[in-house]
Amino acid sequence: MFRSRRALWAAALALLTPLLTTQPAPAAAAPLTITDFESDGVPAGVSAWGNDAASTPALTIEPGADRPEAPATNRVLRSVYAISQWGGWSHDLTAAQDWSPYEGFSFWVKGTASGQKIFFEIKDGGGSAGASELFESSFTDDATGWRQVKVPFADFTRRTDYQPGGAPTDGELDLVAMWGYSMRLPAAQGTLLWDQVELYGTATLRPVRLSTAKPVYPVDEKGQAEIGVTITTSDGAPLPADLAVDYRTGTGTATPGADYTAVQGTLTFPAGTASGSTQRITVRTLRDGQDEVAETIPIELSGAGTRPPAEPPVVVINAHGLPYLNARKPVKERVTDLLGRMTLEEKVGQMTQAERGALAKQSDIATYLLGSLLSGGGSTPARNTPKAWADMIDAFQLQTRQTRLQVPLIYGVDAVHGHNNVVGATIFPHNVGLGAARDPELVERAGRVTADEVRATGVPWDFAPCLCVSRDDRWGRAYESFGEDPALVSRMATVIDGLQDHGVLATAKHYVGDGGTAYGSSTSGDYTIDQGVTRVSRDELERVHLAPFKEAVRRGVATVMPSFSSVDFGDGLLKMHAHDELINGTLKGRLGFKGFVISDWQAIDQIPGDYPSDVRTSVNAGLDMIMVPYAYPQFTGTLKAEVEAGRVPMARIDDAVARILTQKFRLGLFERPYADRSGIDRVGSAAHRAVARAAAAKSQVLLKNDGGLLPLRRDAKVYVAGSNADDIGNQSGGWTITWQGSSGPITPGTTILDAIRSRAASVTWSRDASAGLAGHDVGVVVVGETPYAEGQGDVGRAGRTLELSAADRAAVDRVCGAMKCVVLVVSGRPMLLGDLSGVAAVVASWLPGTEGDGVADPLFGAVPYTGRLPFTWFRSMEQVPINVGDASYDPLFPYGWGLRTDRARDRLKAARDELARGDAPARAAAATLTLALSGRNWDAGGSVRDARAVLGALGAAAALLERSKSDSYAVDDAVVSVARDVAQRAGKRFDLQAAADHELASGDLTRAVNLLAQAAR
């Protein structure tokens, strides 16, 4: 009887199961219009874009009654375009929409039978339209007149050539949080009309999604892997019926029975199980007693009504016992052993660097055997936090575990003034400010802090420092340079030690001559100087532009990045990425560079010729790794074909890969591939910000100080105005959170206004100086530039100039016309300041970063002004370019200019006391300075009274210091600074003053003092 009843229940259950496992069909969805253009002007949220102004389509609304099915009053969008590189238009929604009830995406377009292929994309997930995952489709304009394009969502594919920073990277078109769409027009001329963008149809039932906690499960021999299988319903509701998930170990490179115990079975999730629930599978590995490479065990998951994981999970038995894995062996031996085991595909993969957002799926890291990933400017995880960075990079690194040799990735970022892509990181002054600080030890400390923050997020490689010698203030990258003088730039190369001595590879860039490109020589979009041509003799290139790279190689810099620019020695221009003479011959040959050369962003594509020519030319010229950054499948296939055809020698490949592997071994990546999270709490810490604050304070250059207005009294009633007083984004500049940077509160920090408010007894703030001016003791007007980066900051591009904005100029006139005032210039380079006769004090504040307190510290006398100009400050645009050493040199302020607010006698006494503890020449110099410190040589304020006596003693001391081995650059600088004070007070011979600062940086103290003495006469 019991058996019969159980049989009846079994039969009933068999009949009911299809009903239980079939979800009710969703109700038919009415079409949803996204954009219909029924308006007088272009609808809100619809905008055009392009690589330059000329490539940005013109959008207008016009009548369109001729569209099929359209009413007589219909209106459409007209797009007229002439695109050189890229351009199109978008509709970005202000709030995310749920498109999951619909089958697909449609629109009407009126074509001209141009034959052009037009791509369009939809924006999935993320925090905004600008941080969404992009999925694309396309149509061909192959007919004249109107047509309706309808594409099911199932036919959209993830865009592989570009993904925005902060976008999701799961590769799944989820449809539940959609932010709009874009139409990407071809690089051509034409006109297209658009109408009725809408969603159509009814979505089919969406299966239950299967996922695992991670895609790769590394395990040693005689170990076990626990794979958690999670189910997720499309609507987040509990399961409506029982769900069976079948699993089994599939066919990989590991052998069942010898390497692992095969498993298979079924995971049952009962009806009512919550979405997000997990069950586990266990896979046990065996010991086979052999030294071998990694072996894989795929896990296959399936089940009716389910969708398997986007990245099928795989268990990996780690490589073991091989010589290259032995950390006790010398690096050279490990490299030789590993290189000897690699296939051509594996070697080519090591030479390939892809942008993280370009990965079609994360497993492409293993499929294409990629050696490196990077985050371009603004390419961040969806949640831009230090922990999210570490999680993201560890997930990428995990993919390398399933490769045969388990060679780890090396991840790179442009941390050019702190870990500047990360919200909340410590943002230092840009290099122009550090050059103004004239403090190599401080620059090294900045590098150390940057390394600490970068390394904590899993990044072992920094595309910094920029060692360009910027010779033209119109260049949009001028602020990335330490200055116009190669001797100064070479001094600041200490940042390499700060990075590399603390576990992060440095990159000397951009090799060589990018700071010397001629205005108007750029051929990139509407750039005017960036990526242009450096027309120079070999002698001048060596003397001016190559000198800092010699110093970088001497310091053991690990990587070098060539410039986008070209060099013309008088016999025709040649792109640096193709320059065999300067890369193979000079850098690797004569200078003896032992690291590896990494290309700049997609830079080989600018070499004349087709893509195979670009690849072989650049690699044969000495490039070791190519920052693709998007077309990694094309690059790996092309380079492999070039080697197989004999056009790229295998010896060149082996040299490149050996150089790359050497750095990976030296970093310890084979033993510690994942992020060291012990330093995450130090990212943006008070201790790190204190270093940035000190750097900002030392970078301030006092250009003018009539009547000794500065430092200000703390009891002063201060009126603050100007566009850059209360803006973290503006004071941080480009390369901050995003590539070009942006205005506003983009990251935590202290604005200059905040810092002034923390010091002054009374502060009135009025950005445009419209508030009442009466009753104040002093005005502080903070003016300057808004953020920009390479190319887009070039003067002449899109109307950019070096003049103050009309609003800033008006604020200066209004405030300085009513009271004594100081003007702070927050900019990446010198600017036209106009008539300064009514301005008592002027400070070049450069781009100080997040620590506005550093600007206020010398302003209120907490520390003295000590900074000096790293660039000559021109009088007029007709003088540009103007640099130290020019035959005709009459600037507003010379290179090296910087008034000080400390007492010269105290400064000299401190230098004397330090030298007295040194070697014999240093002690002799101290004795000479003791004579100079006689009270009769100084006035009551600590300034030089008897210039002749003091300068004579300084000259004698300088000659002695030339022979000392114990003196520091800081104490030498202090000695020479007293002579500079005398020369600046005389206000003559700016050419000699500038030349003296060059000689000081070059190490010729005697000549520096003698030139300043001549200038003081």
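Preceding this section is the structure that the text describes.
Predicted, not measured: the structure shown is a model, and the values here were computed from it.

Cut-off values and rules
- Residues numbered from 1 in each chain as written.
- Predicted model: local features only at pLDDT ≥ 70, side-chain atom pairs only at ≥ 80, totals over all residues.
- Heavy atoms only, no water.
- Helix = DSSP H or I, 4+ residues; strand = E, 2+ residues; numbered from the N terminus.
- Rg over C-alpha atoms; globule rule 2.2 N^0.38 Å.
- Buried < 20%, exposed > 50% of the residue type's maximum accessible area, 1.4 Å probe, protein only.
- Areas by Shrake-Rupley, 256 points an atom, 1.4 Å probe, with all protein chains shown as cover.
- Lys, Arg positive; Asp, Glu negative; His and termini not counted.
- Charge placed at Lys NZ, Arg CZ, Asp CG, Glu CD.
- Pairing = 2+ DSSP bridges.
- Core = buried A, V, L, I, M, F, W, Y, C linked by side-chain atoms within 4.5 Å.
- Contact = heavy atoms within 4.5 Å.
- Salt bridge = Lys/Arg side-chain N within 4 Å of Asp/Glu carboxyl O.
- Disulfide = S-S within 2.5 Å.
- Expected span 1.5 Å × (residues − 1).
- Axes fitted to C-alpha atoms, helices over the stretch in contact; angles between N-to-C directions.
- Parallel < 35°, antiparallel > 145°, perpendicular 65-115°, else oblique.
- Left-handed = near helix turned anticlockwise from the far one by under 90°.
- Nonpolar A, V, L, I, M, F, W, Y, C, P; charged D, E, K, R; others polar.

Caption draft 1: Broad picture of the overall build of the protein chain. Helix and strand content of the protein chain: 25 helices and 38 strands. Relative to the compact-globule value of 31 Å for 1017 residues, the protein chain shows a C-alpha radius of gyration of 32 Å, a close match. Along the three orthogonal principal directions, the C-alpha set of the protein chain runs to about 120 × 80 × 60 Å. Across the 1017 residues of the protein chain, 59% fall into the buried class. By element, 51% of the accessible surface of the protein chain is carried by carbon and sulfur atoms, the whole surface being about 37,700 Å². Side-chain charges in the protein chain split into 101 positive and 117 negative, and the spacing between the mean points of these groups amounts to 6 Å.

Caption draft 2: Broad picture of the sheet that holds strand β20 (residues 306–307). Taken in spatial order, the four strands line up as β18-β15-β13-β20 in an open sheet, and their pairing is mixed. Lying at the two open borders of the sheet, with one neighbouring strand each, are β18 (278–284) and β20. As defined by bridge partners, strand β15 (residues 224–232) adjoins β18 across seven bridges and the pair is classed as antiparallel. Across the sheet, Thr230 pairs through a bridge with Thr278, a residue of β18.

Caption draft 3: View of the nonpolar core. Among the nonpolar cores identified, the biggest contains 196 residues, and Tyr511 and Leu639 are the most heavily contacted of them. Here this core takes eight residues from helix α14 (residues 650–667), the largest share from any one element. Excluding its chain neighbours within four sequence positions, the residues that come into contact with Tyr511 are Leu546, Phe549, Val560, Met561, Pro562, Ser563, Met576, Leu582, Ile583, Thr586 and Leu587. Counting residues in hydrophobic clusters, the runner-up holds 41 residues, among them Val971, Val978, Ala996 and Leu1005.

Caption draft 4: Region of interest: the pattern of salt bridges. The final tally for this structure, using the stated rule, is 69 salt bridges. Two residues, Arg693 and Asp857, come together in a salt bridge whose shortest N-O distance is 2.8 Å. Residue Arg693 is found in helix α15 (residues 686–699), and its partner Asp857 is found in helix α19 (residues 853–859); the two are separated by 164 residues along the sequence. Given the relative accessible area of 30%, Arg693 is considered partly exposed. Residue Asp857 is classed as buried on the basis of its relative accessible area, which comes to 8%. By sharing partners, the salt bridges in this structure join Glu121, Glu136, Arg159, Asp161 and Arg184 into a single network.

Caption draft 5: Structural context of the state of the cysteines. Counted by the stated rule, this structure contains one disulfide. Covalently, Cys816 is tied to Cys821 through a disulfide, its sulfur atoms 1.8 Å apart. Around the S-S axis, the bridge from Cys816 to Cys821 shows a dihedral of about 100° and counts as right-handed. As far as the burial class goes, Cys816 and Cys821 line up, both buried.

Caption draft 6: Broad picture of α14. With 18 residues, α14 should reach 26 Å at 1.5 Å per residue; the first-to-last C-alpha distance of 26 Å fits that figure. Summarising burial for α14: 13 of the 18 residues are buried, a large majority. Of the residues trailing α14, Gly668 is marked for its positive phi of about 80°.

Caption draft 7: View of the packing of helix α22 (residues 947–961) against helix α23 (residues 969–986). Between α22 and α23, whose axes approach to 10 Å, the crossing angle comes to 155°. Judged by the angle between their axes, α22 and α23 are roughly antiparallel. In this structure, the crossing between α22 and α23 has a hand that is left-handed. Between α22 and α23, the contacting residues are Ala947, Val950, Leu951, Leu954 and Leu961 on the first element and Asp972, Val975, Val978, Ala979 and Val982 on the second. The residue makeup of the contact of α22 with α23, split by class, is nine nonpolar, no polar and one charged.

Caption draft 8: View of helix α24 (residues 990–1002). Along its 13 residues, α24 runs 18 Å from first to last C-alpha, staying within 8% of the 18 Å computed at 1.5 Å per residue. Looking at α24, one finds that the buried residues are Phe990, Leu992, Gln993, Ala994, Ala996, Asp997, Glu999, Leu1000 and Ala1001. Close packing links the buried residues of α24 with α8 (486–491), α23 and α25 (1005–1016). In the segment just after α24, Gly1003 is the residue with positive phi, at about 100°.

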